[in-house]
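One letter stands for each residue in the lines below.
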Amino acid sequence: MAHHGEEFIEPEVIPADPAKIGKIWKTAGILALITAIEFVCAFTMEKDGTLITIYILLTLLKAYFIMAEFMHLGHERKSLQLSILLPLIFIAWGIVAMLQEASDINTAITTWYDFLVK
Amino acid sequence: MATGAIENEKDIWKGGEGNLPMNASYGKLMMWFFLVSDAFTFSGFLIAYGYARFKHVASSYHGIEWPNPDDVFNAFPAMDVFHVDKAPLVFVGIMTFILILSSVTMVLAVEAGQRMDKAAVEKWMLWTILGGITFLGCQAWEWMHFIHGHGEGTWIGGELVKGANLVQNQYGPPLFGDYFFFITGFHGTHVLSGIIINIIIFYRVATGLYQRRGHYEMIEKVGLYWHFVDLVWVFVFTFFYLV
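Residues numbered from 1 in each chain as written. Chains lettered and ligands numbered in written order. Predicted model: local features only at pLDDT ≥ 70, side-chain atom pairs only at ≥ 80, totals over all residues. Heavy atoms only, no water.

(A) Region of the structure containing the environment of Lys-78 of chain A. Residues and elements named next belong to chain A. Mapping Lys-78 onto the fold places it in helix 3 (residues 78-85). Take Lys-78: its relative accessible area is 60%, and that puts it in the exposed class. Spatially, the C-alpha atoms of Lys-78 and Phe-8 are 39 Å apart, while their sequence positions differ by 70 residues. (Helix = DSSP H or I, 4+ residues; strand = E, 2+ residues; numbered from the N terminus. Buried < 20%, exposed > 50% of the residue type's maximum accessible area, 1.4 Å probe, protein only.)

Written as C-alpha cells, this is what we have:
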C-alpha cells in the first residue's frame, strides 16, 4: 500500500486472455441453453412426474455451472469445496423428511374426509 | 502465499496476505460460509412451500385446488397492445435471462479486476448494477399484477376475491400468496442489497481505492454474493414457476 507523500504509480494493465473470456461466455451460453430447454419442455410436455424430474435435474445442472465456474468453486481446493458442499446434505434430508411428512398428513386428511362423506 | 507458518498473528486477519486456510483469503472464506447459512434460510422457505403444497387437500379448503403457476403468472406488460390473452412463463423467463446476464457481467468484472484493468471493472460493474435494477423493476411489476389480480376474480366462501394479499387470494389458497410474497420478497431483498453493495463497490473502484490497495479482491467477494442471488433465483424459478 502506498504511503502518504509517496507518489502513487498506476499498476500496469495485463491484457485480457481471449481463452478465459471465451470460457465465461461459453458457460453463459450453456446456462441460457438449459433455460431454453426448460421452456421447450414447459410448452410441449404434460406436467407429470417425468417433467418434474427433468426440471429438477436441469436445475441442479444450472446450479453446478454457476457454482463451479461463476463462483469459481470448481477451481478451489478440495477441502474448501467439501466444506461448502457437505453441509448441504442437511437440505437434502430436510426435503425428504418434510415432503414425506406432508404427504402423510395429506393422506390422513383425505382419509378423514372420505370417512365423513360415507 | 500460504507457507504454513504464521510469522505474525495479525497476518491471519489481513485477507489475501500471510496465512491462507484452504488457500482462500479470510474475506472470501467468510463470504462462502455466510452464503452456506443463507442457502439454509432459502431452503427453509422453499421446503416449507413444498410442505404446504404436498399437504394441501382441496376439499378441506372451500374446494380450492393448489394453483398451477401457468394460470397465475401469465401476464406481460402491454399484452393488450399485442392482443395476447395469456403468456405463461414469458415474463419470468425474461427476468431469468436478465439475472443470468448480470451474473456474466459480474464474472467479467472479476476477471478484469484480476488484470488490474480499472476501466473494464467500472464498465462491467455498471452493467451488473443495471441488470439488477432491471430485474427488480420486473419483479415490482409482477408483484403489482399479482396483488391487483386479473379477470373477473373468484368467488370464495360467498365473497368475490380479486387479486391477492396475505389473507386472500383469487388464484388459490392464501398460503400460496403468502409463500409467493415471502420467497420472492426475500430474494428481491437480496437483489436490492446486492445492488446497493455493487454501487458502493463501483464508487470505490471509480475513486481508485483498489488500485491503491494493489488488488481487486473485493470485486470477487461481492461477485460471490451476486452469483448466489442468481443461484437462488434458479431454484425459485423451478419450484415456484415451473413445477
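(B) Structural context of the packing of helix 4 (residues 118-148) of chain B against helix 7 (residues 217-242) of chain B. All names here are of chain B. Packing of helix 4 against helix 7 leaves a shortest axis separation of 13 Å and a crossing angle of 30°. Considered as vectors, helix 4 and helix 7 are oriented roughly parallel to each other. Between helix 4 and helix 7 the crossing geometry is left-handed. Facing Val-121, Met-125, Thr-128, Gly-132, Phe-135, Gln-139 and Glu-142 of helix 4, the residues of helix 7 in contact are Ile-219, Trp-226, Trp-233 and Tyr-241. Of the residues in the contact of helix 4 with helix 7, the class split is seven nonpolar, three polar and one charged. (Axes fitted to C-alpha atoms, helices over the stretch in contact; angles between N-to-C directions. Parallel < 35°, antiparallel > 145°, perpendicular 65-115°, else oblique. Left-handed = near helix turned anticlockwise from the far one by under 90°. Contact = heavy atoms within 4.5 Å. Nonpolar A, V, L, I, M, F, W, Y, C, P; charged D, E, K, R; others polar.)

(C) Broad picture of the interface of chain A and chain B. Listed as interface residues are 56 residues of chain A and, on the opposing side, 54 residues of chain B. When chain A packs against chain B, the two sides together hide about 5000 Å² of surface, and 77% of this comes from carbon and sulfur. The tally of links from chain A across to chain B stands at zero salt bridges. Here chain A and chain B share eight residue pairs in polar contact (both at pLDDT 80 or more) between them. Tallying contributions element by element places helix 4 (residues 89-117) of chain A first for the side of chain A that touches chain B, with 14 residues. (Buried area = accessible area lost by both parts, 1.4 Å probe. Salt bridge = Lys/Arg side-chain N within 4 Å of Asp/Glu carboxyl O. Polar contact = N/O pair within 3.5 Å; in protein donor to acceptor, adjacent residues only side chain to side chain.)

(D) Broad picture of the domain arrangement of chain A. Residues and elements named next belong to chain A. Under the domain assignment, chain A is made up of domain 1 (19-75) and domain 2 (77-118). For domain 1 and domain 2, the distance between their C-alpha centroids amounts to 24 Å. With four residues of domain 1 at the contact, the number on the domain 2 side is four residues. In terms of surface lost to domain 2, no three residues of domain 1 exceed Met-67, Leu-73 and His-75, which account for 92% of the buried area on that side. The tally of links between domain 1 and domain 2 comes to zero salt bridges. A breakdown of the residues in the side of domain 1 that touches domain 2 according to their chemical character gives two nonpolar, two polar and no charged. (Domains from an automatic or database assignment.)

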